[in-house]
Amino acid sequence: MDFRIGYGYDVHRLLAGEELWIGGIKVPAEFGAVGHSDADVLLHVICDAMLGALSLGDLGKHFPDTDQQFKGIDSKKLLGHTWQLVREKGWQLGNIDTTVCLQKPKLASHIIDMRKVISDVIGCELDLISVKATTTEELGFVGKGEGLSAHAVVLLKKG
């Protein structure tokens, strides 16, 4: 098979006083995501999608939250390591399509910077990275401002 598709989904709780890292950039907000690492939900789902496409497990398998060396780690490092695993297996990127679900703040003005960070870490063309953002119309934990989530689909091709 010359192509593989992977899917990733992640959720993080929001808390006042924490930093909000999404797509490798710090987004100005009164609250941030809680997690063992920097809690970058977008980079986490991309990692999970890549790992899933190659049946390599998930982010927790490679970077367990019980391991103190990953406490507070910059998720760009996790993405870089994941991408290295993908390349070592002989795969290259077809494209990445993502959606971040967050009621506020609005992310539209940050999307190009997120795409640039991701493409820089992976070493690919910017047009292979899609980042979209949506609210949940004030429904559910995202809509109530209790958390954020993200989805990613990654296409890998042999070679």
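Residues numbered from 1 in each chain as written. Predicted model: local features only at pLDDT ≥ 70, side-chain atom pairs only at ≥ 80, totals over all residues. Heavy atoms only, no water.

Q: Can you help me understand the side chain of D10 in this one?
A: By the secondary structure assignment, D10 is in strand β1 (residues 3-16). Buried within the structure, D10 lacks any salt-bridge partner; its nearest side chain of opposite charge belongs to R13, at an N-O separation of 12 Å. Side chain to side chain, D10 and H12 meet in a polar contact 3.0 Å long. Ignoring any residue separated from it by four or fewer positions in sequence, one finds D10 in contact with V41, H44, V45, L148, S149 and A150. (Helix = DSSP H or I, 4+ residues; strand = E, 2+ residues; numbered from the N terminus. Buried < 20%, exposed > 50% of the residue type's maximum accessible area, 1.4 Å probe, protein only. Lys, Arg positive; Asp, Glu negative; His and termini not counted. Salt bridge = Lys/Arg side-chain N within 4 Å of Asp/Glu carboxyl O. Polar contact = N/O pair within 3.5 Å; in protein donor to acceptor, adjacent residues only side chain to side chain. Contact = heavy atoms within 4.5 Å.)

Q: Please explain the nonpolar core as it appears in this structure.
A: The nonpolar side chains of a soluble globular protein tend to be buried, and buried together. Counting 47 residues, the largest nonpolar core has I22 and I118 as its most contacted members. Looking at this core, the elements that each hand over two or more residues are β4 (31-33), α1 (41-53), α3 (75-88), β5 (91-101), α4 (111-122), β6 (129-134) and β7 (147-158). A per-element tally of this core places α1 first, with ten residues. Setting aside anything within four residues of it in sequence, one finds I22 in contact with V27, D40, L42, V100, L102, L107, M114 and L148. (Core = buried A, V, L, I, M, F, W, Y, C linked by side-chain atoms within 4.5 Å.)

Q: Explain the pattern of salt bridges to me, please; I cannot follow it from the model alone.
A: Side chains that differ in charge, positive against negative, can pair when their charged atoms come close. This structure, assessed with the given rule, holds three salt bridges. Note that K26 and E19 form a salt bridge whose closest N and O atoms lie 3.2 Å from each other. With its nearest N and O atoms 2.4 Å apart, the salt bridge here joins D97 to K132. Taken together, the positions of D97 in strand β5 and K132 in strand β6 put the pair 35 residues apart, joining distant regions of the chain. By relative accessible area, D97 is classed as partly exposed at 32%. When its relative accessible area of 35% is taken as the criterion, K132 is described as partly exposed.

Q: Sorry, what's going on with the environment of L42 here?
A: With respect to the secondary-structure elements, L42 resides in helix α1. Between the alpha carbons of L42 and F141 there is a distance of 17 Å; along the sequence they are 99 residues apart. Setting aside chain neighbours within four positions, we find L42 in contact with I22, G23, T98, V100, M114, I118, V131 and A150.

Q: Hey, could you run me through α3 in this one?
A: The α-helix winds at 3.6 residues per turn, so residues separated by three or four positions along the chain end up facing the same way. Given a rise of 1.5 Å per residue, 14 residues ought to cover 20 Å, and the 20 Å separating the end C-alpha atoms of α3 matches this to within 8%. Residues S75, L78, L79, T82, W83, L85 and V86 constitute the buried set of α3. Each buried residue of α3 lies within a common arc of 155° when the element is viewed along its axis, so the set occupies one face. Of the exposed residues in α3, the ones pointing more than 90 degrees away from its buried face are K77 and E88. The distance from a side-chain oxygen at the start of α3 to the backbone nitrogen of K76 is 2.8 Å, and the residue carrying that oxygen is D74. Positive backbone phi, at 90°, marks G90, one or two positions downstream of α3. (Expected span 1.5 Å × (residues − 1). Arc of directions from axis to C-beta.)

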